[in-house]
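Inside the fold
Each chain is listed here by its residues.
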Amino acid sequence: MRPAFITIVVPMLLSGFAVTSGCGQATRHSAVTLFFEDVPPPGKESPSKAVVRQPRRPPPAQAAAPPPPPPVAETTKPLPEPEKPAVSRDWPQLLSQLPRDAAGGVDWVRALEDKRIEPKAGLDAAAPNQPVLPLDVELIPKNQPLFKAIFSHKAHTEWLGCANCHPGIFQMRRGADPITMAKIFAGEYCGRCHGKVAFAPATGCPRCHTALKGAP
Amino acid sequence: MLAVLVLAAIAAIAAPPRLAMLGDVVFPRHTGPGELPPAVFPHWVHRMQFKCYACHDALFQMKAGANPVTMDAIQAGKFCGICHNGKTAFAVGFTTCNRCHR
């Protein structure tokens, strides 16, 4: 160990010291370029740059100058919401959430009023709604004012067009149609729909006979 | 015939039990023992999407038996086939039998 150190390392150190310190500038340059690349020629050594400690970021040039306004239109504008159907398309689940009437059936009129459903006016999405008629017709049985029935054109024209009922089922003249509950239960007049696709007459008394509201 | 029986059996097994709803219209024509169960038209799911006058009375009369609905007519693009063509609504075919015949 010791002989190896003396015979190899010490002569290397001595010769290195002799090369770098013991010659003239030109000789030293040629000797140093033998070992190192990019040695500047004698007389052209660039002075070493003084290391200056600087903050990582340059200080703001002008504190008074307002920062440039951020590009509002590009970055901060919220992205448009993805097209989302107004009502759910999980029909059985939506059905379970619709308002119910006293008999437990779906209250379709209220479901439409509350916009729980948004049925279209036609198979074509651009089909216009037919006009809604705000006309209540009072039907008062003889000598039985308590059983006055109120027919709401509004609730019906939200769903139906005039021609669905007039004049095929109902004439458009007061008193022209001898409507009775017996006929309705037999499927005539109101019974054309009520009991089939609309609430049943047997369980929906106060929805027409408004005076019976709250009755058991 | 065997294929129809097999399909009917598959339909009967695969069809989930569904509650009858007010407004379900049953088309009993041309069905009998050993054939597909009758088609049921559920008003409720259609009226969630369309008002009455979208279909009545231009496409369907509001009277039982007044509309000669057949599978041939549907596949020719009439009645249900106006929408049930695979574009607007599910197409009628051997993969969708039990959505109506149940």
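Reading the values: rules and limits
- Residues numbered from 1 in each chain as written.
- Chains lettered and ligands numbered in written order.
- Predicted model: local features only at pLDDT ≥ 70, side-chain atom pairs only at ≥ 80, totals over all residues.
- Helix = DSSP H or I, 4+ residues; strand = E, 2+ residues; numbered from the N terminus.
- Buried ≥ 20, exposed ≤ 12 C-beta atoms within 10 Å, placed from the backbone.
- Contact = placed C-beta atoms within 7 Å.
- Core = buried A, V, L, I, M, F, W, Y, C linked by C-beta atoms within 7 Å.
- pLDDT = per-residue confidence, 0-100.

**Some points on the overall build of chain B**
- A tally of regular secondary structure across chain B gives 4 helices and 2 strands.
- Listing every helix and strand of chain B by position from the N terminus yields α-β-β-α-α-α.
- Counting the 102 residues in chain B, one finds 14% classified as buried.
- In chain B, once contacts between residues fewer than 6 apart in sequence are set aside, the share between residues at least 24 apart is 36%.

**A few points about the overall build of chain A**
- Counting secondary structure elements, chain A contains 9 helices and 2 strands.
- Reading chain A from its N end, one meets helices and strands in the order α-α-α-α-α-β-β-α-α-α-α.
- The buried share of chain A, taken over its 216 residues, is 8%.
- Counting only contacts in chain A whose residues sit at least 6 apart along the sequence, the fraction spanning at least 24 positions is 25%.

**Regarding the interface of chain A and chain B**
- Listed as interface residues are 20 residues of chain A and, on the opposing side, 18 residues of chain B.
- Looking at which element gives the most residues to the side of chain A that touches chain B, the answer is helix 4 (residues 91-97) of chain A, with 3 residues.

**As for the nonpolar core**
- Grouped together as the largest cluster of nonpolar side chains are 5 residues: A:Trp159, B:Cys52, B:Tyr53, B:Ala54 and B:Cys55.
- Contact partners of A:Trp159, with chain neighbours within four places excluded, come to B:Lys51 and B:Cys52.

**As for the environment of A:Thr157**
Residue and element names in this part refer to chain A.
- Among the structural elements, Thr157 can be located in helix 6 (residues 153-157).
- The exposure class of Thr157 is buried, given the 21 C-beta atoms found within 10 Å.
- Between the C-alpha atoms of Thr157 and Pro131, which are 26 residues apart in sequence, the distance is 7.1 Å.
- Excluding residues that lie within four positions of it along the chain, Thr157 makes contacts with Gln130, Pro131, Val132 and Leu133.

**Quick notes on the confidence of the model for chain A**
- Across chain A, the average pLDDT comes to 83, with 75% of residues at or above 70.
- Per-element averaging of pLDDT across chain A places helix 3 (residues 72-76) of chain A at the bottom with 55 and helix 6 of chain A at the top with 97.

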